[in-house]
Amino acid sequence: VAPLNRAGNKKSNQAEFQIKVDAILKEEDFRTSIMVRNIPNKYTQKMVLEEINELFANTYDFFYLPIDFQNKCNIGYAFINFV
């Protein structure tokens, strides 16, 4: 029986979510999307994109930062798809 997490769901094998640079370089791993977590809530989309573009300008084709419009802040995570 698989162990459960705090929500009572089965825990997934965390190793499957680890980024293995050597596998990417060998073209054995084709994942291109990532989820960035723990973004400070007061960061705007512009602020997050400025940080990302410091190292990854022109390397992605999709960026999504969910916004809580009621509280006028982001929700703390973003999705990026690299090309």
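To be clear, the structure that these remarks concern was listed above.
Please read these numbers as outputs of a predicted model, since none were measured by experiment.

Enquirer: Help me get a handle on the overall build of the protein, residues and values and all.
Expert: Check the secondary structure of the protein and you find two helices and five strands. Going residue by residue from the N terminus, the α and β elements of the protein occur as α-β-α-β-β-β-β. Within the structure as shown, the protein displays about 7100 Å² of accessible surface, and the carbon and sulfur contribution to it stands at 55%.

Enquirer: Please set out the nonpolar core residue by residue, giving values where relevant.
Expert: Ile39, Val48, Leu49, Ile52, Phe63, Leu65, Ala78, Ile80 and Phe82 together form the largest nonpolar core, which totals nine residues. Of all the elements in the fold, those that place two or more residues in this core are helix H2 (45–56) and strand E5 (77–82). Those residues in contact with Leu49, other than ones at most four positions away along the chain, are Tyr60 and Phe63.

Enquirer: Give me the packing of aromatic side chains: which residues, what numbers.
Expert: Per the counting criterion, the structure on display carries three aromatic pairs. For the pair Phe56 and Phe82, a centre-to-centre distance of 5.5 Å together with 65° between the ring planes defines the contact as edge-to-face. In this pair, Phe56 is assigned in helix H2 and Phe82 in strand E5, connecting sequence segments 26 residues apart. Seen from their ring centres, Tyr60 and Phe82 are 6.5 Å apart, and the 85° between their planes marks the pair as edge-to-face. You can see Tyr60 sitting in strand E2 (residues 60–64) and its partner Phe82 sitting in strand E5, a full 22 residues away along the chain.

What counts, and at which threshold
- Residues numbered from 1 in each chain as written.
- Predicted model: local features only at pLDDT ≥ 70, side-chain atom pairs only at ≥ 80, totals over all residues.
- Heavy atoms only, no water.
- Helix = DSSP H or I, 4+ residues; strand = E, 2+ residues; numbered from the N terminus.
- Areas by Shrake-Rupley, 256 points an atom, 1.4 Å probe, with all protein chains shown as cover.
- Core = buried A, V, L, I, M, F, W, Y, C linked by side-chain atoms within 4.5 Å.
- Buried < 20%, exposed > 50% of the residue type's maximum accessible area, 1.4 Å probe, protein only.
- Contact = heavy atoms within 4.5 Å.
- Phe/Tyr/Trp six-rings, centres within 6.5 Å; stacked < 30°, edge-to-face > 60°.

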